[in-house]
Amino acid sequence: MKAIVGIARIFVGIFFIISGFIKMNDPVGFSYKLQEYFGEDVLNLPFLQPFALGIAVFVVIYELLLGVMLILGYSKKFTMWSLLLMIIFFTFLTFYSAYFNKVTDCGCFGDALPLTPWQSFWKDVVLLVLILLIFIKGKYFKPLFEPSSANKWIVFLVFIGCLGFTYHVLMHLPAIDFRAYKEGTVIREGMQPKEGEIIPPIHDFGFYNREGDDTDEILDEEKVLLVVAYNLSKSENQGWSKIKSAVQKAEENGYRVVALSASGPTETNQVKETYGFNFPFYFTDETAIKTIVRSNPGLVTIEDGVIIQKVHYNDADDLELK
């Protein structure tokens, strides 16, 4: 039994570390998923939606730390109770989502490994069984290192590392891009479903305006600078100031500069007047825009329909232009 508990402890710990790190790599994306859960048609907690990013950062760091603490055998009661309460909550949440078909992807592994609602639920059931085993057989929960103060310092250093990494990806972009719009993607190929797929990786995407659909025309351009802002009312004012020089440089280098947003003409005209932009704004699905780049606004260079580079507005000066 001791060996079984030990194996369960290592498995669950590694699982929580991997799951936490993948979401920590993209806390903004995880916050979008939380907003979906907080919506009126799911948990009906819309008052929590403005705090989704803060909650996302707390959850991913907490999840990873629990995995580390479990493996180390640090703070026995706190760790076991935290794991048990967390997995009970998520098992209920994934069952509710699957049974009532509320959220199509739980976001447990971000965009790295999309799971169906029922896959998410059964994954949580397995974890629940393993955590219950560890909880019931708590006498086998022993510190990995002696003295126990060594475990405390390891947890503290991991916590500091998590804070630093999370801050970095928030101020820039995810360190690893698992999304359909990663650098090197041929957009047209991504818009075609592969064998066995129902939905292609890139969907609900295009360059639309009142005159029609300019998607093919723009993807045929040799050089395009795409300014991405899913919601102009939620965009950062400092972000527009920071990308202004990059936009000007792109225009001087012969790039076709266009913008994508889900906002209406009133808001787009206001941004153009405020910052002196003369490039056109195109409309497309907000979810698709959120997926392209985790920055509002952000910049993307496209050459002959291929995504070459993506940058956060904080890194606008690092944009490489031909």
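Heads up: the structure comes first, above all this text.
The paragraphs below set out a description of the structure included in this document. (Residues numbered from 1 in each chain as written. Predicted model: local features only at pLDDT ≥ 70, side-chain atom pairs only at ≥ 80, totals over all residues. Heavy atoms only, no water.)

Secondary structure summary: the chain contains 11 helices and seven strands in total. Sorting the 322 residues of the chain into buried and exposed places 48% on the buried side. Counted over contacts in the chain with a minimum sequence separation of 6, partners at least 24 positions apart contribute 72%. Entry remark: accessible area of the chain is about 16300 Å², with carbon and sulfur atoms responsible for 60%. Here the chain holds 28 positive side-chain charges and 36 negative ones, and the gap between their average locations is 15 Å. (Helix = DSSP H or I, 4+ residues; strand = E, 2+ residues; numbered from the N terminus. Buried < 20%, exposed > 50% of the residue type's maximum accessible area, 1.4 Å probe, protein only. Contact = heavy atoms within 4.5 Å. Areas by Shrake-Rupley, 256 points an atom, 1.4 Å probe, with all protein chains shown as cover. Lys, Arg positive; Asp, Glu negative; His and termini not counted. Charge placed at Lys NZ, Arg CZ, Asp CG, Glu CD.)

Here we take up the nonpolar core. Phe205, Phe207, Leu226, Leu260, Ile292 and Val300 are the most contacted members of the largest nonpolar core, which totals 24 residues. Secondary structure elements with two or more residues in this core: helix 2 (27–38), helix 8 (215–219), strand 3 (224–228), strand 4 (256–261), helix 11 (286–292) and strand 6 (298–303). Those residues within four positions of Val300 in sequence are excluded, and the remaining contacts are Val224, Leu225, Leu226, Val228, Ile292, Val293, Ile307, Gln309 and Lys310. By size, the runner-up hydrophobic cluster in this structure holds 23 residues, among which are Leu225, Val311, Tyr313 and Leu319. (Core = buried A, V, L, I, M, F, W, Y, C linked by side-chain atoms within 4.5 Å.)

As a further point, take a positive patch on the surface. Taken together, Lys2, Lys76, Lys77 and Lys142 make up a surface patch of like positive charges. With respect to the helices and strands, the residue Lys2 is situated in helix 1 (residues 2–24). (Patch = residues over 30% accessible without salt bridge, like charges linked within 9 Å, V, L, I, M, F, W, Y side chains within 5 Å. Salt bridge = Lys/Arg side-chain N within 4 Å of Asp/Glu carboxyl O.)

Residue Pro297 follows Asn296 across a cis peptide bond; omega there is 10°. Mapped onto the secondary structure, Pro297 falls in the loop between helix 11 and strand 6. One non-glycine residue with positive phi stands out, namely Asp204, at about 55°. Among the structural elements, Asp204 can be located in the loop between helix 7 (187–190) and strand 1 (208–209).

Let us look at a negative patch on the surface. On the surface, Glu183, Asp317, Asp318 and Glu320 cluster together into a negatively charged patch. Tracing the backbone through its elements, the reader meets Asp317 in the segment after strand 7 (306–312). Since its relative accessible area comes to 68%, Asp317 is described here as exposed.

The next subject is helix 4 (residues 76–99). Taking 1.5 Å of rise per residue, 24 residues should cover 34 Å, and helix 4 covers 34 Å from first to last C-alpha, within 8% of that figure. Within helix 4 the residues assigned to the buried category are Thr79, Met80, Ser82, Leu83, Leu84, Met86, Ile87, Thr91, Leu93, Thr94, Ser97 and Ala98. Structurally, helix 4 contributes buried residues whose contacts are with helix 1, helix 2, helix 3 (52–72) and helix 5 (117–136). The positive-phi residue at the C-terminal boundary of helix 4 is Asn101, with phi of around 55°. (Expected span 1.5 Å × (residues − 1).)

Quick look at the packing of helix 3 against helix 6 (residues 148–171) now. Put simply, helix 3 and helix 6 touch, their axes get as near as 10 Å, and they point 150° apart. With respect to their mutual orientation, helix 3 and helix 6 come out roughly antiparallel. With respect to the hand of their crossing, helix 3 and helix 6 are arranged in right-handed fashion. Within the contact between the two elements, helix 3 uses Leu53, Val57, Ile61, Leu64, Leu65, Val68, Met69 and Leu72 and helix 6 uses Asn151, Ile154, Val155, Val158, Phe159, Cys162, Leu163, Thr166 and Leu170. Residue composition of the contact of helix 3 with helix 6, by class: 15 nonpolar, two polar and no charged. (Axes fitted to C-alpha atoms, helices over the stretch in contact; angles between N-to-C directions. Parallel < 35°, antiparallel > 145°, perpendicular 65-115°, else oblique. Left-handed = near helix turned anticlockwise from the far one by under 90°. Nonpolar A, V, L, I, M, F, W, Y, C, P; charged D, E, K, R; others polar.)

Packing of helix 4 against helix 5 leaves a shortest axis separation of 8 Å and a crossing angle of 155°. As judged from the angle between their axes, helix 4 and helix 5 are roughly antiparallel. Judged by the sense of rotation from one axis to the other, the crossing of helix 4 with helix 5 is left-handed. For the contact of helix 4 with helix 5, a count of residues per class yields 20 nonpolar, four polar and one charged.

For helix 3, spanning 21 residues, the distance from its first C-alpha to its last is 30 Å, which sits close to the expected 30 Å at 1.5 Å a residue. Burial runs high along helix 3: 16 of the 21 residues are buried. Phi for Gly73, located one or two positions after helix 3, is positive at around 75°.

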